[in-house]
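Architecture and fold: a report
Listed here are the chains, written in short residue letters.
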Amino acid sequence: MERQDVPARYRLLGPVRLGERTPSAAKLRVVAATLLIRAGDVVSADCLIEELWGEHPPRTATTTLHVYVSQLRKTLEPATGGPIVTRAPGYVMQVGPDELDLTRFEALRRDGRAALKRREHAEAARLLRAATALWTGPPLADIPHGPVLMSAAARLQELQLDALEHLFAAELQLGHHREIVTELLPLADEHPLRERLHAHLMLALHRSDRQADALRVFGRVRRRLAEELGTDPGADLREMHQRILRFDPGLDWRGGGGSRPADPVVWLPRPVADFVGRDAELTQAAELLGDGGPRTARVLSIAGKAGVGKTAFALALAHRLSDRFGDGRIFASLRSSEGAPLDAAQSVQRLLRAFPPAAGHDLGGDLDGLLAALQRVIAGRRLLIVLDDVVTEGQIRGILAATGECTVLITGRRILTAIEGARHVVLPVLDPAAAHELLTATGGARIAADRRASARIARLCGYLPLALRVAGASLAMRPQWMAETLARRLADEPARLSMLAIGDIDVRANLLVGYREVSPAAQQAMRLLAVAPAQDFAAWTAAALLGAGPDAAEQVLAELVHAQLIEHRSVVGRPGRFGFHVLLRALAVELLAEEPAHVRAAAVERWCRTATGLARHADALLTPGRALDLLGEPEPVPSAAAARVVGDAPLRWFDLEAAGLVTAVRRAHQAGHWPLVWRLADALSGYFQVSAGWDDWGEVLDLARDAARRAGNGTAEAVAELSLGELAWQRRQVPEATAAFERAHHWARSEGCRPVEAHSMIGLADVSLERGLVDQARRLYAQGLILCRADGDVRGATDALRGLALVELRRGEREAALHRFAECGRAADQLGDPRWREFAHRVADRIRREPGRGGLSAAVEMRPGVWMFGAA
């Protein structure tokens, strides 16, 4: 019966769930829940109609009910009709004993109570803990209640409280009084008139040396009973009060015995109820803390970015391992109530408070005295100690030395590599399946029913557990919203973090803790790096934005990576890259506003200047001789530095950096750095031609043309129009290409820019040839060739010779075409461009191989990799 490893298919102990295909319509879930509450028994149609519509059902109630049942059958078991069977005068739901969480709960509760009667307290606690763990919220949540479900919900809540009360009775018998205080306090607040719960809480507080708190609990219950019911507490609670007042030794826990040095010390919060998706990491951690073999660790560091669930993971692991540590399990947060990290002495004091004063320790004194006291109280014990939210090794080095053979779990954002002998588990964000499970657990049926919106919400939250939990809870508290509504709100990056706050849980505040604990230089770096491309960026981008040399930039990047504020993304195919988690990037964008406007503008300018210099260097390697050098000023990056960054594979470098370089063009345009816009756009043109990146090329050219017009620079506008013509021609947009080349030619003539004039004529010749205007094309190519040779433009001459060869080919002059292609190949050799040399040889070889007019079929390679069809 105890199949806790496999979730029940049907769940009523919280939001109603019907496996993986829970219907979103509330009335369908009402029908299913009513049948499941009476699983195995016939539920009449009249009963279901009353549950759905109360005393005033619609005229079509019977027909509508049949439709609802039919839809449920299709949802649950499309092939067989599922577990719903028609049986007069209604329907019956037939489910196995392990398929319904309520059936499991009742069996575990029954067996746990029986074990408690036999005084098998550990077994009782185990069974009852398993029973209460099946609950995920108020019973039959997220559906309206008619008479049957209202009565059932009240009964189920009573059964849950009964199970909890018996669980706490067993835990008190085992000496777990400190542990259950954290569970009892909120339950007592939620059920202020439940006397047995308050009796358990008073006893747990008394045994935890908190007599004053125990007496205050009694006073609060007495006042509530008098105000609401006009009565006094019952005899059992009054007796507990009197026994605490007189320090009755009979209330002290009398467990243990034999050789054990003292009672077990248990101060461990309850596991997080909706903890999901960490099976592999839990298995890895349990193996590292294993059986004493060579892989066994005494200290395990659990690291990860803010909100990734380090504390929840440590608690889940501690509870999983509790059987190994009979002497006790202790949890201590190493931050103050204001969120500041404790120093070494305060950390020891926080840990000592978990032990009863009878242990004879003093919370005063210096660090050495506190560590000596810690050694005394731990001596002879084998404890599991959880040190939560550790910031530096210095906080805990003394504790680790004083805890002997105890096992210590450390959580913190940083990987504490300086702790000798520690093993490390770094928690990633959740995978998409676990993220959906967490969103469903916190957000209810609206998220469960809309997988597409759920996936979008998870992606916008960066699969971060804290953000997912808050997002789900935000949806749960807004019944008027659908899941897609939440997804749309989260898609607005500037408002995203504001959406991810509910009650006292604020994702922004959580992320800010790590930011405030790095150096001022690292804080400014995080702000300025918000300008960088969203996908990822290289170290040179960081250095440019920060205005730092490579070594200084590397140092500050290492600090940010160590603090889990940015990520090192050296994946296959993209080495040496860095990037933000999506929510940390949203935070960085917010924080960027703290920088003065002139600092932000200077960072953008440095980045765009560096990007332009590197792109021009790479372009010179990729397409030798392509740049016209008409756009002013020398390279902003020294050639040696550019060579180190770009290396000897310019196409590979462009592939890695293209998205970021397009972002740089946008940023330069937004900042009004007009010359940088057109220079960087021109440096990218060769790559976009080679890679056929039409959309990005079109965007940067439009920005370049706009920048040139705003600056009144006719030469820059001519260059942009020339490239826009090339783009339109390669896309076979003949009218657009013609217009752009003509505008480029006009601007070039008016500005006296002969190279652009020559290249625009070659472009117009290409258009003419594609339109079948062979003589016009021949004249334009020839004029362009004359201008290019006069200016020493080898690239342009190579292109014009290519055009003249194609003209001869179109005219059927095979030998003349071969002669021109030979000239084109020699010019490409002079240029040092293997792509063009191979193109000239390839087309010439094809002419020689293929007979017929012109020697070619209808498909003609006009330029390297650029084909024209239907030309022959």
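Figured I'd write up the structure that's included with this text.

What counts, and where the lines are drawn
- Residues numbered from 1 in each chain as written.
- Predicted model: local features only at pLDDT ≥ 70, side-chain atom pairs only at ≥ 80, totals over all residues.
- Heavy atoms only, no water.
- Helix = DSSP H or I, 4+ residues; strand = E, 2+ residues; numbered from the N terminus.
- Rg over C-alpha atoms; globule rule 2.2 N^0.38 Å.
- Buried < 20%, exposed > 50% of the residue type's maximum accessible area, 1.4 Å probe, protein only.
- Contact = heavy atoms within 4.5 Å.
- Areas by Shrake-Rupley, 256 points an atom, 1.4 Å probe, with all protein chains shown as cover.
- Lys, Arg positive; Asp, Glu negative; His and termini not counted.
- Charge placed at Lys NZ, Arg CZ, Asp CG, Glu CD.
- 1 Å grid on protein atoms, 1.4 Å probe; cavity = no way out; pocket = protein on both sides within 12 Å on 5 of 7 lines; lining within 4 Å.
- Points joined across faces, edges and corners; volume = space filled by probe spheres on them.
- Nonpolar A, V, L, I, M, F, W, Y, C, P; charged D, E, K, R; others polar.
- Pairing = 2+ DSSP bridges.
- Salt bridge = Lys/Arg side-chain N within 4 Å of Asp/Glu carboxyl O.
- Axes fitted to C-alpha atoms, helices over the stretch in contact; angles between N-to-C directions.
- Left-handed = near helix turned anticlockwise from the far one by under 90°.
- Core = buried A, V, L, I, M, F, W, Y, C linked by side-chain atoms within 4.5 Å.
- Expected span 1.5 Å × (residues − 1).
- Polar contact = N/O pair within 3.5 Å; in protein donor to acceptor, adjacent residues only side chain to side chain.
- Arc of directions from axis to C-beta.

Let's talk about the overall build of the protein chain
For the protein chain, the helix and strand inventory stands at 38 helices and 18 strands. Relative to its length of 872 residues, the protein chain is extended, with a C-alpha radius of gyration of 37 Å against a globular reference of 29 Å. Taking the principal axes of the C-alpha coordinates as reference, the protein chain spans close to 115 × 80 × 50 Å. Counting every position in the protein chain, which comprises 872 residues, the buried fraction comes to 53%. In the protein chain, once contacts between residues fewer than 6 apart in sequence are set aside, the share between residues at least 24 apart is 67%. Surface accessibility of the protein chain: about 37400 Å² in total, with carbon and sulfur atoms responsible for 51%. Positive and negative charge centroids in the protein chain, built from 110 and 107 side chains respectively, lie 2 Å apart.

Notes on the layout of surface pockets
Picture a little ball the size of a water molecule; that probe, rolled over the atoms, points out where space is still empty. The volume enclosed by the second largest pocket comes to roughly 1200 Å³. Listing elements by their share of the lining of the second largest pocket, those giving two or more residues are helix H7 (177-190), helix H12 (310-320), strand S8 (328-333), helix H19 (465-476), strand S13 (505-506) and helix H22 (507-516). Looking at the lining of the second largest pocket, its residues break down into 16 nonpolar, 11 polar and 14 charged.

A short note on the sheet that holds strand S15 (residues 567-568)
To summarise the sheet geometry, strands pair through backbone hydrogen bonds and adopt either a parallel or an antiparallel arrangement. The strand order S14-S16-S15 describes an open sheet built from three strands, whose pairing is antiparallel. Looking at strand neighbours, the two that pair on one side only are strand S14 (537-538) and S15, the edges of this open sheet. Of the strand pairs in this sheet, S15 and strand S16 (residues 577-579) are connected by two bridges, and their pairing is antiparallel. Bridge pairing in S16 links Glu567 to Gly579.

Here's the deal with the pattern of salt bridges
A full pass over the atoms with the stated rule returns 50 salt bridges. Among the ionic pairs, Arg585 bridges to Glu493, the shortest N-O distance being 3.3 Å. A residue pair is termed long-range when its members are at least 10 positions apart, and Arg585 in helix H26 (residues 582-592) and Glu493 in helix H21 (residues 493-499) qualify at 92 residues. Of the residues examined, Glu493 reaches a relative accessible area of 24% and is grouped as partly exposed. Residue Asp766 pairs with Arg802 through a salt bridge whose shortest N-O separation is 2.8 Å. With Asp766 in helix H34 (residues 754-770) and Arg802 in helix H36 (residues 794-810), the pair connects residues that are 36 residues apart, well separated along the chain.

Section: the packing of helix H27 (residues 597-622) against helix H30 (residues 674-691)
In contact at an axis separation of 9 Å, H27 and H30 are set at 35° when each is read in the N-to-C sense. As H27 runs across H30, the sense of the crossing is left-handed. Counted together, Glu605, Cys608, Arg609, Ala611, Thr612, Ala615, Arg616, Asp619 and Leu622 of H27 and Leu676, Arg679, Leu680, Ala683, Gly686, Tyr687 and Val690 of H30 form the full contact between these two elements. Along the lines of polarity and charge, the residues of the contact of H27 with H30 split into nine nonpolar, two polar and five charged.

Topic: the sheet that holds strand S9 (residues 384-388)
Read across the open sheet, the six strands follow the order S6-S8-S9-S10-S7-S11; overall the sheet is parallel. Edge strands, defined here as strands with exactly one partner in the open sheet, are strand S6 (265-267) and strand S11 (423-426). When the angles between neighbouring strand axes are averaged without regard to direction, this sheet yields 20°. Across four bridges, strand S7 (residues 299-303) lies against S11 in parallel orientation. Its bridge partner lying in S11, Leu300 is registered against Arg423. Relative to the sheet, helix H15 (residues 393-402) contacts S7, S9 and strand S10 (407-412), its axis offset from that of S10 by approximately 170°.

A few points about the nonpolar core
Among the nonpolar cores identified, the biggest contains 128 residues, and Leu300, Leu317, Ile457, Leu500, Val507, Met526 and Phe654 are the most heavily contacted of them. Among the nonpolar cores identified, the runner-up in size contains 80 residues, and Leu65, Leu164, Ala170 and Leu203 belong to it.

Looking at unusual backbone geometry
Between Ala88 and the following residue, Pro89, the backbone shows a cis peptide bond with an omega angle of 5°. Inspection of the secondary structure puts Pro89 in the loop between strand S4 (84-87) and strand S5 (90-93). Positive phi outside glycine occurs at Leu140, with the angle close to 55°. Phi angles above zero are rare outside glycine, and Asp389 is one such case at about 65°. On the secondary structure map, Asp389 appears in the loop between S9 and H15.

Side note on helix H16 (residues 432-443)
Residue pairs three or four apart in sequence face the same way in an α-helix, which turns once every 3.6 residues. End to end, H16 covers 16 Å across 12 residues, agreeing with the expected 16 Å (1.5 Å per residue, within 8%). Every buried residue of H16 is accounted for by Ala434, Ala435, His436, Leu438, Leu439, Thr440, Thr442 and Gly443. Against strand S2 (17-18), helix H17 (445-448), helix H18 (451-460) and H19 lie the buried residues of H16. Structurally, the start of H16 carries an N-cap: the backbone nitrogen of Ala433 is 3.1 Å from a side-chain oxygen of Asp431. Of the residues one or two after H16, Gly444 is the one with positive phi, at around 85°.

Regarding helix H3 (residues 61-76)
Helix length check: H3, at 16 residues, gives a terminal C-alpha distance of 22 Å against a target of 22 Å (1.5 Å per residue), a fit within 8%. Those residues of H3 that fall on the buried side of the exposure criterion are Ala61, Thr64, Leu65, Tyr68, Val69, Leu72, Thr75 and Leu76. Taken end-on, H3 shows its buried residues confined to a sector of 140°, consistent with a single buried face. Exposed side chains of H3 directed beyond 90 degrees from the buried face belong to Thr63 and Lys74. The inward-facing, buried residues of H3 contact strand S1 (10-11), S2, helix H1 (26-37), helix H2 (45-53), S4 and S5.

Everything listed here is a matter of coordinates, which is why it stays silent on function.
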